[in-house]
Amino acid sequence: MSAVSKDAKRMTTHTLKRMKDAGEKITMLTAYDYSMATIIDDAGIDVILVGDSASNVMAGHETTLPITLDQMIYHASSVIRGVSKALVVVDLPFGTYQGNSEKALSSAIRIMKESGAHSVKLEGGLEIIDSVKRIVSAGVPVMGHLGLTPQSIYKFGTYTVRAREEEEAKKLIEDATALEEAGVFGIVMEKIPAALATKVTKNVSIPTIGIGAGSGTDGQVLVSHDLFGITKQFNPRFLRRYLDLYSDMKNAVESYIKDVKSSDFPNSKEQY
Ligand code: KIV
């Protein structure tokens with residue numbers, strides 16, 4: 001097994017391409033704050049995504065639509081301060097790039113300048129291709145996102161698996177090709193049939209990262225709060241939880257309450 005990632009001092013989009021070519025899987029997780037980013041980076045993750053899922057897991061919104069560019073910049077700059085190796089990708093939030101490539105470029109530039117992030121991610125295919133091209137032409141690395149694109153939830157009406165039908169699958173393949181031609185360095189594919197994700201991965205020369213898209217992609221991404229078991233209500237089939245932090249943290253808080261109420265905390269060694 002090759003380990004292109006181990007030799008890299010700092011992950012770049014070129015390292016990710018070399019990993020795809022060498023058949024080394026790419027790991028990606030979300031982070032929204034300094035402390036979480038420090039842990040995830042220290043563990044050796046390849047890519048950290050400052051996802052607009054911050055709107056859900058950090059702010060408690062039902063969708064990703066309300067989060068603003070200023071809020072994404074705040075999250076991204078906190079993450080950047082905790083990262084020394086991973087490539088940091090930041091989501092352009094809803095309303096900052098669709099239908100207006102000039103606005104898209106200025107949104108991407110604000111993220112790069114004000115947070116120090118390394119790249120941006122946009123949801124969509126051919127319909128946002130002008131925005132993608134304009135950002136890429138300014139020297140900003142862009143990642144695509146196809147399949148279930150949560151910023152379009154009100155168009156889809158549901159968070160169910162996308163591209164099961166032939167027509168939507170065909171469009172997804174065309175979108176992936178168009179994104180590659182426009183210069184994206186990678187594509188996230190969310191909640192699509194595994195066979196389709198594998199087909200796209202073979203079709204393009206850039207890395208694909210799946211979430212709910214099976215094992216045939218070049219890498220995997222999860223929302224870290226889901227992996228840690230903090231978001232206990234969210235239980236899709238594709239999710240593997242590695243901890244039950246919701247219960248562990250709740251138990252810790254209950255113990256703290258008990259200790260304070262009983263005057264057990266602080267004890268004589270825990271004071272000055
Ligand atoms: O915002 C996010 O966390 C994402 C991942 C689900 C890929 O876009």
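This structure is a prediction, so every number in the text was calculated from the model and none was measured.

Definitions and cut-offs
Residues numbered from 1 in each chain as written. Predicted model: local features only at pLDDT ≥ 70, side-chain atom pairs only at ≥ 80, totals over all residues. Heavy atoms only, no water. Phe/Tyr/Trp six-rings, centres within 6.5 Å; stacked < 30°, edge-to-face > 60°. Lys NZ or Arg CZ within 6 Å of the ring centre and 35° of its normal. Pairing = 2+ DSSP bridges. Helix = DSSP H or I, 4+ residues; strand = E, 2+ residues; numbered from the N terminus. Axes fitted to C-alpha atoms, helices over the stretch in contact; angles between N-to-C directions. Buried < 20%, exposed > 50% of the residue type's maximum accessible area, 1.4 Å probe, protein only. Lys, Arg positive; Asp, Glu negative; His and termini not counted. Salt bridge = Lys/Arg side-chain N within 4 Å of Asp/Glu carboxyl O. Contact = heavy atoms within 4.5 Å. Right-handed = clockwise from strand over helix to strand, strands pointing away.

Q: Which residues make up the packing of aromatic side chains, and what values go with them?
A: One pass over the structure, following the stated rule, counts two aromatic pairs. Residue placement shows Arg-162 over the ring face of Phe-156; its charged tip is 3.9 Å from the ring centre.

Q: Tell me about the sheet that holds strand β2 (residues 47-50), and name the residues and values.
A: Backbone-to-backbone hydrogen bonds join strands into a sheet, with any given pair of strands oriented parallel or antiparallel. The sheet built from eight strands closes into a barrel, its strands ordered β1-β2-β3-β4-β5-β6-β7-β8 with parallel pairing. Neighbouring strand axes in the sheet, compared pairwise and without regard to direction, differ in orientation by 25 degrees on average. Examined bridge by bridge, β2 and strand β3 (residues 87-91) share four bridges and lie parallel to one another. Within β3, the residue paired with Ile-48 across the bridge is Val-88.

Q: Any details on the environment of Pro-193? Residues and values, ideally.
A: Mapping Pro-193 onto the fold places it in the loop between β6 (186-190) and α10 (194-203). Pro-193 gets classed as partly exposed once you look at its relative accessible area, which sits at 26%. For Pro-193 and Gly-214, which are 21 residues apart along the polypeptide, the C-alpha to C-alpha distance reads 7.2 Å.

Q: Describe the side chain of Glu-190, listing the residues and the values that go with them.
A: Within the secondary structure, Glu-190 sits in strand β6. Buried Glu-190, no salt bridge; nearest opposite-charge side chain is Lys-121, N-O distance 6.3 Å. Residues within four places of Glu-190 in sequence aside, it is in contact with His-145, Leu-146, Gly-147, Leu-148, Pro-150 and Ile-211.

Q: Just give me the short version of the pairing of strand β7 (residues 208-211), but keep the residues and values in it.
A: Side chains Thr-208 and Gly-210 project from β7 onto one buried face, and the interleaved Ile-209 and Ile-211 project onto a second face that is buried too. As paired elements, β6 and β7 share four bridges and run parallel to each other. Residue pairing for β7: Val-188 is matched across the bridge by Ile-209. Viewed along the sheet, the connection from β6 through α10 into β7 turns out right-handed. Two elements, β7 and strand β8 (residues 219-222), share two bridges in a ladder whose sense is parallel. Bridging across to β8, Ile-209 finds its partner in Gly-219.

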